[in-house]
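# Architecture and fold: a report
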Amino acid sequence: MLNYSSWIEIDLKQLKKNISLVNSYLKDSLLCLCVKANAYGLGLIEIAKVAENEKVDYLAVANLMEGVKLREANIKLPVLVLGTFHEDQIKDLIDYDLEITISSFFKAKLVQDYCTKYNKKCKIHLKVDTGMGRIGVKPITAISLHKYLKDQKCFIIKGIFSHLACADQKDHPINTIQTKTFDDFLSKIQPDKSTILHIANSAYLCNFENDLKDMVRLGALPFGCYSKDLPEKFKNIKPIFSVKSKVSYFKIVGKDKGISYGYSFITKAKSQIVTIPVGYGDGYSRSLSNIGSVLIRGKKYPIIGTICMDQFMVDVSKGDAYIGDEVVLIGRQKDKEITIREIADECKTISYEILCSFNERLPRVYKD
Ligand SMILES: *Cc1c(COP(=O)(O)O)cnc(C)c1O
């Protein structure tokens with residue numbers, strides 16, 4: 001491998017620890033690890049391989065393409081495709097043994113027509129919209145849809161699920177309404193014992209103690225990028241990633257000198273300035289211009305001027321730093337830490353988006 005100057009470090013030991021911490025809390029529920037969006041940017045296949053060797057029962061992806069990548073890498077775990085599909089994707093969903101989300105009568109009929117025509121069976125999960133307002137059948141329609149799915153020989157109903165809109169707001173009234181709607185629906189249809197019922201995501205697991213159902217679907221918690229404070233029971237869950245670079249340039253600049261595009265920063269005194277070879281072209285948000293900071297030699301230094309596509313500047317006048325020093329953009333260095341949540345707050349978004357934004361320009365380096 002070529003030497004790189006900026007990278008994302010992924011601690012697979014910590015991932016295993018996080019998975020086992022979560023599992024110790026789950027008791028009998030199955031664990032579905034959400035590896036959509038390249039496992040939240042951490043590497044679909046590498047994360048899935050760890051999952052296969054740990055106590056993970058299911059993987060979830062967003063679409064056909066992600067599922068196919070898992071199968072092509074010879075991942076054998078059951079894979080649920082959480083999103084929808086188009087008619088022309090049904091063949092591959094079935095051929096690659098991916099479990100399909102059925103979110104409407106229309107979608108069910110497309111799959112059924114295909115299966116009848118080619119004499120195929122397919123594994124499905126019925127998605128009920130209890131209030132998320134994204135995809136899924138309304139609970140009243142779901143009763144007849146469930147009956148229809150049961151009556152057709154081609155469908156193997158592996159699961160029935162729903163998704164909460166506000167699980168990260170513990171006291172939001174919709175949480176109880178959604179869970180109750182789901183339970184009422186389930187009591188009406190009396191699903192088979194073998195059907196996996198699932199509703200919980202990371203926020204649900206953090207905020208609600210009871211009724212985890214047969215399986216939980218988690219991404220943020222095992223990856224350590226949950227966007228709120230972790231409850232006491234998960235206080236040992238830590239981020240599995242850090243974003244790092246190396247100082248690429250050092251200079252001394254006089255007073256009243258403009259730094260970077262647009263001169264949004266002017267030096268107030270003679271300053272020592274270093275350049276870091278990362279930019280918005282790597283997915284490091286330009287909103288951090290003049291706002292964010294980095295760690296070098298265990299100290300926090302401010303980003304000055306506009307973040308460019310490939311580089312940005314840091315004022316190190318209050319300490320010392322030189323070419324080649326390791327720079328931490330997200331993560332720990334000595335006793336200091338820059339959390340993904342700080343970055344997310346500075347960018348006015350959530351930690352999930354920050355993590356997903358880093359692109360393939362930053363190599364992922366796995367530590368075991
Ligand atoms: C992404 C996703 C999850 C996992 O969410 P986390 O907050 O990362 O735990 C669960 N369910 C569905 C439907 C999802 O799309």
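Parameters and conventions
- Residues numbered from 1 in each chain as written.
- Predicted model: local features only at pLDDT ≥ 70, side-chain atom pairs only at ≥ 80, totals over all residues.
- Heavy atoms only, no water.
- Helix = DSSP H or I, 4+ residues; strand = E, 2+ residues; numbered from the N terminus.
- Contact = heavy atoms within 4.5 Å.
- Areas by Shrake-Rupley, 256 points an atom, 1.4 Å probe, with all protein chains shown as cover.
- Lys, Arg positive; Asp, Glu negative; His and termini not counted.
- Charge placed at Lys NZ, Arg CZ, Asp CG, Glu CD.
- Domains from an automatic or database assignment.
- Buried area = accessible area lost by both parts, 1.4 Å probe.
- Polar contact = N/O pair within 3.5 Å; in protein donor to acceptor, adjacent residues only side chain to side chain.
- Nonpolar A, V, L, I, M, F, W, Y, C, P; charged D, E, K, R; others polar.
- Near = heavy atom within 4 Å.
- Pairing = 2+ DSSP bridges.
- Axes fitted to C-alpha atoms, helices over the stretch in contact; angles between N-to-C directions.
- Buried < 20%, exposed > 50% of the residue type's maximum accessible area, 1.4 Å probe, protein only.
- Parallel < 35°, antiparallel > 145°, perpendicular 65-115°, else oblique.
- Salt bridge = Lys/Arg side-chain N within 4 Å of Asp/Glu carboxyl O.
- Core = buried A, V, L, I, M, F, W, Y, C linked by side-chain atoms within 4.5 Å.

Let's shift gears to the overall build of the protein chain. The helix and strand inventory of the protein chain stands at twelve helices and 20 strands. Counting only C-alpha atoms and orienting by the principal axes, one finds that the protein chain spans roughly 80 × 45 × 40 Å. Here the contacts in the protein chain between residues at least 6 apart in sequence split such that 65% fall between residues at least 24 apart. Split by element, the accessible area of the protein chain, about 17,400 Å² in all, is 52% carbon and sulfur. Between the averaged position of the 54 positive side-chain charges in the protein chain and that of its 43 negative side-chain charges there is a distance of 1 Å.

In this section: the domain arrangement of the protein chain. If you check the domain split of the protein chain, you get domain 1 (12-224) and domain 2 (241-367). The C-alpha-based centres of domain 1 and domain 2 are spaced at 38 Å. Across the contact, eleven residues belong to domain 1 and seven residues belong to domain 2. On the domain 1 side of the contact with domain 2, Leu12, Tyr40 and Leu42 bury the most area, a combined 50% of that side's loss. Viewed at the interface, domain 2 and domain 1 are joined by three residue pairs in polar contact (both at pLDDT 80 or more). Classifying every residue of the side of domain 1 that touches domain 2 gives six nonpolar, three polar and two charged.

Our focus in this paragraph is the site of the ligand. Taken together, 13 residues are adjacent to the ligand, and Lys36, Tyr40, Ser202, Ala220 and Tyr352 come closest. In the environment of the ligand, a nitrogen atom lies 3.4 Å from a nitrogen or oxygen atom belonging to the side chain of His163. Ala220 has a polar backbone atom sitting 2.8 Å from an oxygen atom of the ligand. Across the complex, the protein chains shield 92% of the 390 Å² of accessible surface that the ligand would expose by itself. Tallied by class, the residues present in the shell around the ligand amount to six nonpolar, four polar and three charged.

Judged by pairing direction, the barrel is parallel, and its eight strands sit side by side in the order β2-β3-β4-β5-β6-β7-β8-β9 before closing back on the first. Along the sheet, successive strands turn relative to each other by an average axial angle of 30 degrees, direction set aside. For strand β2 (residues 30-34) and strand β9 (residues 215-218), the ladder comprises four bridges, and the chain directions are parallel. Considered in β9, the bridge of Leu31 is made with Val216.

Structurally, the position occupied by Thr130 is in the loop between β6 (122-127) and α7 (139-151). Given a relative accessible area of 8%, Thr130 falls into the buried group. For Thr130, the side chain forms a polar contact with the side chain of Ser162, separated by 2.8 Å. With residues near it in sequence (within four places) discarded, Thr130 still touches Ser162, His163, Gln178, Thr181 and Phe182.

Okay, the side chain of His198 next. If you trace the backbone, His198 turns up in strand β8 (residues 196-200). Of note is the side chain of His198, whose polar atom sits 3.1 Å from the side chain of Arg217. In contact with His198, not counting residues within four places along its chain, are Leu80, His125, Ile160, Phe161, Ser162, Phe182, Lys213, Met215 and Arg217.

As a further point, take the pairing of strand β1 (residues 6-11). With five of its six residues buried, β1 lies for the most part within the structure. As judged from the five bridges shared by β1 and strand β10 (residues 241-246), these two strands associate in the antiparallel manner. Looking at the pairing, Ser6 lines up with Ser245 of β10. Pairing geometry for β1 and strand β20 (residues 364-367), over four bridges, is parallel. Directly across from Ile8, in β20, lies its bridge partner Arg364.

Moving on, we get to the packing of helix α6 (residues 105-118) against α7. At their nearest, the axes of α6 and α7 sit 11 Å apart, and the two run at 10 degrees to each other. Taken together, α6 and α7 sit at an angle that is classed as roughly parallel. For the pair formed by α6 and α7, the contact residues are Phe105, Ala108, Lys109 and Gln112 on the first element and Thr141, Ser144, Leu145, Tyr148 and Leu149 on the second. Considering only residue class, the contact of α6 with α7 consists of five nonpolar, three polar and one charged.

One non-glycine residue with positive phi stands out, namely Asn119, at about 55 degrees. Looking at the secondary structure, you find Asn119 in the loop between α6 and β6. For Asn119, a relative accessible area of 72% puts it in the exposed group. Positive phi outside glycine occurs at Lys348, with the angle close to 55 degrees. Residue placement: Lys348 occurs in the loop between α11 (340-346) and α12 (351-357).

Following the criterion strictly, the structure yields 25 salt bridges and no others. As a salt-bridge pair, Asp168 and Lys228 come within 3.4 Å of each other at their nearest N and O atoms. Of the two residues, Asp168 is situated in the loop between β7 (155-161) and α8 (173-189) and Lys228 in the loop between α10 (220-223) and β10; the sequence distance between them amounts to 60 residues. When its relative accessible area of 29% is taken as the criterion, Asp168 is described as partly exposed.

Let's shift gears to the nonpolar core. Grouped together as the largest cluster of nonpolar side chains are 119 residues, with contacts concentrated most on Ile47 and Leu59. Broken down by element, the residue count for this core peaks at six residues, all from helix α1 (residues 12-26). Two domains each donate at least three residues to this core, and these are domain 1 (12-224) and domain 2 (241-367). Residues in contact with Leu59, not counting those within four places in the same chain, are Cys32, Leu33, Val35, Ala48, Ala51, Leu70, Ile75, Leu77, Pro78, Val79 and Leu80.

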